[in-house]
Structures are given as C-alpha cells and as structure tokens.
Amino acid sequence: MGEAVQRQAEAPLLAVNDLHAWYGESHVLHGISFDVSRGQVISLTGRNGVGKSTTLRAIMGLIKKRTGSVVLEDAETIRLKSRDIARRGVGFVPEHRGIFASLSVHENLMLPPVVGKASLSRNEIFQLFPNLERRMSSQGTRLSGGEQQMLAIARVLRAGAPLVLLDEPTEGLAPVIIEQIGAMLRKLRERGYTIVLVEQNVQFAWSVTDCFHVIEHGRVVDSFQTAGAAGSDIGRLKRYLGV
Amino acid sequence: MGQLLLGLLNGAFYAMLSLGLAVIFGLLRVVNFAHGAQYMVGAFIAWMLLEFFGLSYWWALLLAPVITGVISIAIERTLIAPLAEADHLYGLLMTFGIAMVLQGGFQIAFGSAGIPYRVPPELAGGLRLSFMYLPNYRLWVLAASIAVCLIIWLMIEKTSLGAYLRAATEDPDLVGAFGVNVALLITVTYGLGAALAAFAGVLAAPIYAVNPLMGVELLIIAFAVVVVGGMGSILGAVVTGFMLGVIEALTKIFYPEAASMVIFIIMILVLMVRPYGLFGRQM
Ligand SMILES: Nc1ncnc2c1ncn2[C@@H]1O[C@H](COP(=O)(O)OP(=O)(O)OP(=O)(O)O)[C@@H](O)[C@H]1O
Ligand SMILES: [Mg+2]
C-alpha cells in the first residue's frame, strides 16, 4: 500500500517510449525513450542534426509519421492532433522562436488559448520579462533576438501550460542575455514548472537542469544526473558534443 | 472624369473579390477558383429571393451572403478540407471543378441569357453632373464596397479572429500547436470569403444582368489583382483592385483596344520585376 502511493507520486508527467519519427521516407528518430517527473527540468543534448528538435516536434504531434508512445499524465497522446496535445497542458517554444511577423508583441503574447491553470497574468509576465512591457505594440519580429526569445517563452507561460518544451533558447544570443534566460528558467523551476530543454550549450544548461539525455542518431545514448556529478561527467558530456 | 469614376467602380468590385481571394489563398494556399461562381450564386440568390419570395434587394444583400456562406462551408468541409494534407494543386483543381459544376448547373437551370434585376427604387435615378450622368445606384455600390473593404480590413487587423488568421497564414502548424483549431478557422474564413463574393454578386446584379457566367471574367481579373498585389496580401489586394480598375478605365480613353488586356500586361510586368507582387513578402 505504502509502495503504491509512492509509485503514484513518482509517476512521470511525461513518459516517452520507443519514439520513432520520419520525414517522408527518411527515418530520423530510432526509438527515443526518457521520462520527466513533475517539476523536473531535463535537457536533451547532442550534435547538430541528431534529432533533438524532431523529438520535441514529435511529442507535440507536429510530425505526421510517428510511432511509439508518449504518455502525458497517464494518457497516451501518440495518436492525438497537436492542438489536443497542447490543450492537455503542453507549451511549445519552437526552434527559431516562432514569433509571428504580422502580429504585434501583444498579439503574439495573447495568441495561444489558455490551456492550463498555471496561466500567468499580465503583471506576472511583466515581472518575469520587464523588457516586454514597453514593447507591447511593436511588431513581433522587430524585437531583438533576446526579446523575441523572452516573448516566445512568455507566450506559453501566459497560456498556462505546466509542461514546457523549449528548443535551444540560447541560440544566437549574447552571453548577458543567456545569463538572463538562465535566471528566468531557475525562477520557473522554483515555481514548479516541468521543462524539457533542448540545448547544446552545456555550460548554460548545467545550472538549470536536473538531468541530461544525450541523443545520437535518433536515440538516447547516455544520461547524466547533475546532482552530485563529478567534473569528469561534464567532461564526458562535452566529449559527446565535440566541444 | 466619367471614366475615372467608372474605373473606381470596377475597381471596387475587383478589390472586394480579390480581398476574399487573397485571404483564402493566404490561409489555405489554394487559389479558390470557385470564388467567381460564389459571386454568381450570390446574384442568383438575390434574383430568386425576389422572384419566389418577393424579398427586396435589401433582404438579398443580407441573406444571399449568409446562404452562400453556409453552402460554401458545407462544400469546404466535404470537398476541400479532406485535401488539406495533399499538395495544394489538388485543392486548386477541386475548386476549379466546383466552379465548373456550379456554372454548368445554373446554365442548365436558367440558361445563359442574362436575367435582368431591377435597381431598388430607393436608389433609382441619378445625378446629372457636368461631365456625365451618374446613376445613384453606382454611387451606392462604390460607397458600399469601400465600406466593406474597410470593415474586413479592420476585422483582420484589429480583432483576435484576425490575429489568428494572420498567424495561421504565417505558420498554421505552430498555431495548431498552441491549441487553436486551425481547421475550423479555415472553414470559417472560407465561408466568410464566399459570403463576401456573394455580397459583391448582389451589388452587381442590377448593373450587369444575372448570368451563370458572370463570375468567370471577373475571377480571372481578381486573380490578376491578387498576383499584382502579392499573393495573400490583404492590403495589396484592395489597393491593387482600385488601382487596376482606374488604369483599365483610363486605357479605355486613350487606347480602347488594349483595355481588356492592360491588367494582364501589368501582371506580367510585375511578375518579371517583383515576382512577390507589389505588397507581397517572399513565402
Ligand atoms: N522538415 C524536414 N524534412 C526532412 N528532413 C528533416 C526536416 N527537418 C529535419 N530533418 C532532418 O532530420 C534530422 C534531425 O533534425 P533535427 O532538426 O531534429 O535535428 P537537431 O538535433 O534539432 O539539430 P540542430 O542542433 O541543428 O537543431 C536531420 O538530419 C535533418 O536534416
Ligand atoms: Mg534543432
């Protein structure tokens, strides 16, 4: 009985099992598996083109041809449409941010319908992202790269998804901005968000991540816990990335 | 001067039809060849409402777009939406087929001769200007089309439905990944586009006779307008519509023989110099 309760508490929020994905005939994911517990931040890492973004897109239901299992809060979602997956409380921050050029910052922010109880109010958003407040009427793509990244993250937080998929938030950004994004992710972790981060910048990801999964050729080939990790672990991780 | 006004009037029709075509193209990436037929259906419904139910022009102006919109939504759901995953060429061919069937069906039922539709009594008469006689009805059409273009533009630029529409025009998959029902958005947009075409059809009924083929030539021109304005550009469609209407009218004064092709000459020139159109962005 005690053990059953324990299990219940430990049931992962997201469980990906043997996930395969194809672009047309090209087989890109070859059985990705990993779990994410509630409140955990995990990072998927690996070299260019190994299938990190494809993994997030497949979880999100954006890859038409996919097989395997993606269980979200005990419900199988592999056959669901991407809008229904989103409505189960998954927020997606795509590679290259996905800011709409024909929408203002405000419209970008308000676009996603509210999908979860975690929805942040305007004031909370502006506390986390002070830069956005005075840019609300600008065209979305007129923002700097860093501001666009903040907007892309703010957008899913406003929609209230407790699980956030974040694809390379530091891509192409200056070190100061990366520092800000790190601080913001730590705040989100404190607030109990569950985050799946795709990140090649290990230096950055290390301080916000509970667990790394290294992807090669569409498979998870190694995993690391950051808690209690030795310097040699970081070295091993960096060797996978060739940095 | 008179020609200029007539040009503006034609331009208003071009703008209204091109606007619907551009919005639908932006969202579906399908050139809606049924647009001209929907315009024609709008005019026929106006005539039928009068003939069979004694409902006036003003009722037709309201009801014909609604009826055409509902029919078109059914058509979109059953015939066009299932092709969404396939190459957009199939969607285009489907709308072409729908247009042919609608035109053919109305020809069988009503023949190809035009059926006259009377100008509503409230708008009979006209203004005798120094340079021309200007029927009141034409003034009304000009004002109504400008108002409708303005309303649609505001709807697209200022409302949240418009924001969904613009976003889904850029990246429908991402909008879906935020939990928005993009398929429904497309259906609603298609219905509104068809309603807009039908509205133009009712406006046209008293000017041009109601005729199964009345949408054919207009559609080709509207298509050229959309290309010149920039595929999918809403502002481009409206501005270009009025502009080409005026240019066509002026050509009628200076070189009448070329009037019917001047729009297409401009289209060719624009495609050579600015393939994405005057207001278009590369897609
Ligand atoms: N739309 C697509 N069509 C066909 N192949 C694609 C498509 N997108 C990605 N691929 C291929 O799938 C593989 C995995 O791509 P993916 O974008 O998931 O890699 P990634 O790990 O995110 O790389 P990066 O670090 O460069 O972002 C690559 O070989 C890529 O060329
Ligand atoms: Mg990627």
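Here the structure is a predicted model, which is why all the values come from computation and not from measurement.

A. Representation of the overall build of chain B in the model. From N to C terminus, chain B includes eleven helices and two strands. Element order for chain B, N to C, with α for helix and β for strand: α-α-α-α-β-β-α-α-α-α-α-α-α. Against the globule reference of 19 Å for 283 residues, chain B gives a C-alpha radius of gyration of 19 Å, in line with a compact fold. Seen through its C-alpha atoms, chain B measures out along the principal axes to roughly 60 × 50 × 35 Å. Residue burial in chain B is summarised as follows: out of 283 residues, 53% are buried. Across chain B, contacts joining residues at least 24 apart in sequence account for 76% of those joining residues at least 6 apart. For chain B, the exposed surface amounts to about 12,600 Å²; the carbon and sulfur share of it is 73%. Both charge centroids of chain B, one from 10 positive and one from 12 negative side chains, sit 9 Å from each other.

B. Quick look at the overall build of chain A. Per the secondary structure count, chain A includes ten helices and ten strands. Compactness check: chain A gives a C-alpha radius of gyration of 18 Å against a globular reference of 18 Å for 243 residues, within 12% of the reference. Here chain A holds 243 residues, and 54% of them are scored as buried. Looking at chain A alone, contacts between residues at least 24 apart form 67% of all its contacts between residues at least 6 apart. Of the roughly 10,900 Å² that chain A leaves accessible, carbon and sulfur atoms contribute 48%.

C. Structural detail: the pairing of strand S7 (residues 163-167) of chain A. Residue and element names in this part refer to chain A. Most of S7 sits out of view: five of its five residues are buried. Residues of S7 alternate between two faces, with Leu163, Leu165 and Asp167 on one and Val164 and Leu166 on the opposite face, all of them buried. When strand S6 (residues 90-93) meets S7, the two strands line up parallel, connected through four bridges. Bridge pairing links Gly91 to Val164 in S7. In this sheet, strand S8 (residues 194-198) lies alongside S7 in parallel orientation, the contact comprising five bridges. Counterpart to Asp167 in the pairing with S8 is Val198.

D. Region of interest: the sheet that holds strand S3 (residues 41-45) of chain A. Residues and elements named next belong to chain A. Ordered by their spatial adjacency, six strands build an open sheet running S6-S7-S8-S3-S9-S10, and the pairing between neighbours is mixed. Every interior strand has two partners, whereas the edge strands, S6 and strand S10 (219-225), have only one. Across the sheet, the axes of successive neighbouring strands diverge by a mean angle of 15 degrees, strand direction being ignored. In this sheet, S8 lies alongside S3 in parallel orientation, the contact comprising four bridges. In the sheet register, Leu44 faces S8, and the bridge partner there is Val198. Each of S6 and S7 is contacted by helix H7 (residues 145-159), which is oriented at about 170 degrees to S6, the strand it contacts most. Each of S3, strand S9 (211-216) and S10 touches helix H10 (residues 231-241); the most contacted strand, S10, lies at about 155 degrees to it.

E. Here's a closer look at the packing of aromatic side chains. Overall, the coordinates contain 14 aromatic pairs over all chains when judged by the stated rule. Ring centres of Phe44 of chain B and Phe106 of chain B lie 4.8 Å apart, and the angle between their planes is 45 degrees; this geometry places the pair in the tilted category. With a gap of 62 residues between them, Phe44 of chain B in helix H2 (residues 35-53) and Phe106 of chain B in helix H4 (residues 88-110) connect regions that are remote in the sequence. Here Phe44 of chain B and Phe106 of chain B have matching classes, each one buried. One aromatic cluster is present, formed by Phe44, Trp47, Phe52, Phe106 and Phe110 of chain B through successive ring pairs. Stacked on the ring of Trp22 of chain A, the Lys or Arg Lys65 of chain A has its end atom at 5.1 Å from the ring centre.

F. Expanded view of the pattern of salt bridges. Residues and elements named next belong to chain A. The final tally for this structure, using the stated rule, is nine salt bridges over all chains. For Glu179, the salt bridge goes to Arg186, with nearest N and O atoms at 3.9 Å. For Arg186, a relative accessible area of 28% gives the class partly exposed. Its salt-bridge partner being Asp210, residue Arg189 comes within 3.0 Å of it at the nearest N-O pair. Of this pair, Arg189 sits in helix H8 (residues 175-190) while Asp210 sits in the loop between helix H9 (202-206) and S9, and the two are 21 residues apart along the sequence. According to the relative accessible area criterion, Arg189 is partly exposed, its value standing at 27%.

G. A look at helix H5 (residues 136-158) of chain B. Residues and elements named next belong to chain B. Its 23 residues give H5 an end-to-end C-alpha distance of 32 Å, which sits within 8% of 33 Å, the value for a rise of 1.5 Å per residue. Inspection of H5 places Tyr137, Val141, Leu142, Ala144, Ser145, Val148, Cys149, Ile152 and Ile156 among the buried residues, and these make up the whole buried set. Contact partners of the buried residues in H5: helix H1 (2-28), helix H3 (57-80), strand S2 (133-135), helix H6 (160-170), helix H8 (182-204) and helix H10 (234-254).

H. A look at the sheet that holds strand S4 (residues 65-72) of chain A. All names here are of chain A. One open sheet holds the four strands; their spatial order is S2-S1-S4-S5, and the pairing between them is antiparallel. Pairing within the sheet leaves two strands with one partner each, and these edge strands are strand S2 (26-36) and strand S5 (75-76). Sheet analysis places S4 next to S5, joined by two bridges and oriented antiparallel. Looking at S5, one finds that Leu72 is bridged to Ala75. In the packing of helix H2 (residues 52-59) onto the sheet, contacts are made with strand S1 (14-23), S2 and S4, and the angle to S1 comes to roughly 110 degrees.

I. The arrangement of the site of ligand 1 in detail. Residue and element names in this part refer to chain A. Near ligand 1 there are 13 residues, and of these Gly49, Lys52, Ser53, Thr54 and Glu95 occur at the shortest range. At a separation of 2.9 Å, an oxygen atom of ligand 1 approaches a polar side-chain atom of Asn48. Here an oxygen atom of ligand 1 sits 3.0 Å away from a polar atom, N or O, in the main chain of Gly51. With the chains in place, 59% of the 640 Å² that ligand 1 exposes on its own is no longer accessible. Within the shell around ligand 1, the residues separate by chemical class into three nonpolar, six polar and four charged.

Conventions used here
Residue numbering note: each chain is counted from 1, following its sequence as written. Just so you know, chain letters begin at A and ligand numbers begin at 1, following the order they were written in. Reporting of local features is limited, given that this is a predicted model, to residues whose pLDDT is at least 70; pairs of side-chain atoms are given and counted only at 80 or more, and all residues count toward the totals for whole chains, interfaces and linings. Here the side-chain values reflect all heavy atoms present in the structure, with hydrogen atoms and water set aside. For the purposes of this entry, the term helix denotes a DSSP run of H or I that reaches at least four residues, the term strand denotes a run of E that reaches at least two, and both are numbered from the N terminus. Between the two quantities, the radius of gyration covers C-alpha atoms and the globule rule is 2.2 Å times the number of residues to the power 0.38. Exposure classes here rest on a 1.4 Å probe applied to the protein chains alone. A residue is buried below 20% of its type maximum, exposed above 50%, and partly exposed in between. By definition, residues are in contact when any of their heavy atoms lie within 4.5 Å. Each accessible area is a Shrake-Rupley result for a 1.4 Å probe, and residues are judged covered by the shown protein chains and nothing else. A residue counts as positive if it is Lys or Arg and as negative if it is Asp or Glu; His and the chain ends are not included. Each charge is placed at NZ for Lys, CZ for Arg, CG for Asp and CD for Glu. Should DSSP find at least two bridges between two strands, the strands are taken to pair. Axis angles are defined between N-to-C directions and span 0 to 180 degrees, where every axis is a line fitted to C-alpha atoms and, for a helix, only to the segment in contact. Pairing of aromatic rings covers Phe, Tyr and Trp, the last counted by its six-membered ring, and requires centre-to-centre distances within 6.5 Å; plane angles under 30 degrees mean stacked, over 60 mean edge-to-face, and any other angle means tilted. Counted as over-ring charges are cases with an Arg CZ or a Lys NZ within 6 Å of the ring centre that also lie within 35 degrees of the ring normal. Note on definitions: salt bridges are taken to be side-chain nitrogens of Lys or Arg within 4 Å of carboxyl oxygens of Asp or Glu. By this rule, a helix spans an expected 1.5 Å times one less than how many residues it contains. A cutoff of 4 Å decides nearness: a residue is near a molecule or strand if any of its heavy atoms lies inside that distance of it. Any pair of N or O atoms that falls within 3.5 Å is considered a polar contact. Within protein, one atom must be able to donate a hydrogen and the other to accept it, and sequence-neighbouring residues count only if both atoms are side-chain atoms. Any residue outside Ala, Val, Leu, Ile, Met, Phe, Trp, Tyr, Cys, Pro, Asp, Glu, Lys and Arg is labelled polar, Gly included; the first ten of those are nonpolar and the last four are charged.

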